[in-house]
Amino acid sequence: MSFKDHLRELVLQALLDLKRAGTITLEDEPAFVIERARNPEHGDYATNAAMLLAKPLRRNPRELAEAIAASLPKSQHIEAVDVAGPGFINFRLTATCRQSAVRRVLELGERYGWQPEASRESITLEFVSANPNGPLHVGHGRGAAYGASLAAIKEAAGHTVQREYYVNDAGRQMDILAVSVWVRYLELGGVTVRFPDNGYQGDYVVEIARALRAREGDGLLHRALDVESDLPPDESQGTEAAPGDREKHVDALITRARSLLGEAGYHRLFDAGLAWCLADIRDDLQQFRVRHDNFFSERSLMTEGYVARAIQVLRDKGHLYDAGGATWFRATHFGDDKDRVVVRENGVATYFASDLGYLMSKFERGFERALYIFGADHHGYIARLKAAAQGLGLDPAQIDIRLVQFAILYRGGERVQMSTRAGSFVTLRELREEVGTDAARYFYVMRGNDQHLDFDLDLAKSQSNDNPVYYIQYAHARICAIFRQLAEKKWSHTRSAVETARTRLVEPQEQALLMELFRFPEMVEAAAEHDAPQLIATYLREVAGEFHSYYNATAILVPEEELRNARLGLCLAVRQVLANGLALIGVSAPETM
């Protein structure tokens, strides 16, 4: 039980006693909150219980607050209870209670702030899921950092979390990658074919083509005339009289590749691009300290029958109808802005049908909650997936969708321009090499996922207190340096000695640090509840700030052994909390800087 839970129990008991005494009437348990007091001078925690209940009970909120305060059971952890303002009830902890934070942190170590494993519902969390048609770029990086941090925080809060990457290995963009590779492969074989306007132009396409040629030799070569004959004009080939169309041109080129290579040859071409990009993505994510437990293939939705079963469920429930030769889902009956096609006129299932199958698979595989992390441009998916859930008979409340806004890079005050198709984007790998994984992971989550992020490359690389990740890591390294100095002086310490000496932590700055330690489990809980890793990032900066102030104002390695042990214990606890918090957001805790 957290201290906030303890306070809540005390308030509930006071309300129950007032009800038994006939002072108030109370039907249901009120939804009051226990939160940090806004002004530390008023106390450590506060509750709005009296103000929340005043109107339905027709009582003056301040008078009700005083009645509740007077009825609170005694607690050895509370030094004082006061009523402030219009009816806030403020609680001040005893010094002994605050000092116990050191013992608690050192006792639990890496598990401090964690709830028991698997004590809450299981979650399948899908994030990144970038099309495997090229390297990850900085836009994908924010979703990766957010998703990985959120997964770690959810696990710390007691959830079982499966991290999943949805591999779009059956879409048109992958076909465009395949013919882009093929054209480069033909060039390497001495066959000059015009590169399509809509193709992928990055250097990685040439690299894939080289690997393909090394493996296939001339096996996939065809004459330029056979490849290009009668293709509709590309956009840049068009004239005013006969305008070109890049979409029609590349689709015709895909059809031509399938025809000339045959299905077996085309699949070898297709899989070459897919395998290279997916391997590159896996490596990139691993280097970014992002892991996935499962890479779920879109193609498996068809081969394992998920799409067919989802369509059948909708049909059995009467949610499908036929119009214009296509099969439609009555999505508008469930709050979507329009009905959705699930099977086209040609009998081919749509992307939305894959979404249906994928959603159903999550719950068929035994998960209790599905959490999606999408880019901001997928806003329309929220209503669509909620409607799909209801149509399939699932509880839409068990489906959460978080949108990650764009990250914009700035260097020297100038915005860095990007274009994925033109191959001029900044890759996640390049970002890591320039600013480091630690800075990238922190900067990506220091703002809420629903806020635009201006990523200042120069700030991320700077070794100054203005750089938040440097500031936090320096606090951790500074504490490590204290213990190296301790060893140089040939002074020793034990955990029992520093825990026993904690009663000497009475200075205001020490009390402030102790309250920060107390706050960490609450921050983990809040970050998990609100899907908000930025709460951890902000908290760590505040802890670092409190410690730097304490370090600059206080001698730690004093001659008096008991006082020295007390301050060493506080330093050990702060170091542990910094390390635990940094681990949640994928940032290292260096011992030297």
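Scope of this entry: the structure provided in the associated data block. (Residues numbered from 1 in each chain as written. Predicted model: local features only at pLDDT ≥ 70, side-chain atom pairs only at ≥ 80, totals over all residues. Heavy atoms only, no water.)

### A short note on the nonpolar core
Where a protein is soluble and globular, its nonpolar side chains tend to be buried together. Trp182, Leu431, Tyr444 and Phe455 are the most contacted members of the largest nonpolar core, which totals 158 residues. If one sorts the elements of this core by residue count, helix H9 (residues 246-287) sits on top with 14 residues. Ignoring anything within four residues of it in the chain, the contact list for Trp182 reads Leu220, His222, Val227, Leu253, Ala257, Leu260, Leu261 and Leu269. If you look at the next biggest cluster of nonpolar residues, it comprises 31 residues, including Tyr306, Leu314, Leu392 and Leu403. (Core = buried A, V, L, I, M, F, W, Y, C linked by side-chain atoms within 4.5 Å. Buried < 20%, exposed > 50% of the residue type's maximum accessible area, 1.4 Å probe, protein only. Helix = DSSP H or I, 4+ residues; strand = E, 2+ residues; numbered from the N terminus. Contact = heavy atoms within 4.5 Å.)

### Concerning the packing of helix H20 (residues 534-553) against helix H21 (residues 561-584)
In contact at an axis separation of 10 Å, H20 and H21 are set at 155 degrees when each is read in the N-to-C sense. Comparing the axis directions of H20 and H21 gives the class roughly antiparallel. The handedness of the crossing between H20 and H21 is left-handed. Along its contact with H20, which presents Ile536, Tyr539, Leu540, Val543, Ala544, Phe547 and Tyr550, the element H21 presents Arg567, Leu570, Cys571, Val574, Val577, Leu578, Gly581, Leu582 and Leu584. (Axes fitted to C-alpha atoms, helices over the stretch in contact; angles between N-to-C directions. Parallel < 35°, antiparallel > 145°, perpendicular 65-115°, else oblique. Left-handed = near helix turned anticlockwise from the far one by under 90°.)

### Thoughts on the sheet that holds strand E6 (residues 160-167)
Pairing is parallel in the open sheet, where five strands are placed in the order E7-E6-E5-E11-E12. The open sheet has two edge strands, strand E7 (294-297) and strand E12 (399-404), and neither has a second partner. Averaged over all neighbouring strand pairs, the angle between strand axes comes to 25 degrees, with direction disregarded. Across the face of the sheet, H9 comes into contact with E6 and E7 while running at roughly 145 degrees to E6. Relative to strand E11 (residues 369-375), helix H12 (residues 351-364) is tilted by about 140 degrees, and along the sheet it contacts strand E5 (122-126), E6, E7, E11 and E12. (Pairing = 2+ DSSP bridges.)

### Description of the pattern of salt bridges
A full pass over the atoms with the stated rule returns 45 salt bridges. Linking Arg258 and Glu263 is a salt bridge whose minimum nitrogen-to-oxygen distance equals 3.4 Å. Of the residues examined, Arg258 reaches a relative accessible area of 29% and is grouped as partly exposed. For Glu263, a relative accessible area of 44% translates into the label partly exposed. Ionic contacts of the salt-bridge type, sharing partners, join the residues Asp280, Asp283, Asp284, Arg429 and Arg432 into one network. (Salt bridge = Lys/Arg side-chain N within 4 Å of Asp/Glu carboxyl O.)

### A closer look at the packing of helix H15 (residues 437-445) against helix H17 (residues 468-488)
Put simply, H15 and H17 touch, their axes get as near as 9 Å, and they point 115 degrees apart. Of the two elements, H15 crosses H17, and the hand of that crossing is right-handed. In this structure, H15 contributes Asp438, Ala439, Tyr442 and Phe443 to the contact, and H17 contributes Pro468, Val469, Ile472 and Gln473. Grouping the constituent residues of the contact of H15 with H17 by class yields six nonpolar, one polar and one charged. (Nonpolar A, V, L, I, M, F, W, Y, C, P; charged D, E, K, R; others polar.)

Remember that the coordinates give geometry; whether it matters functionally is a separate question.
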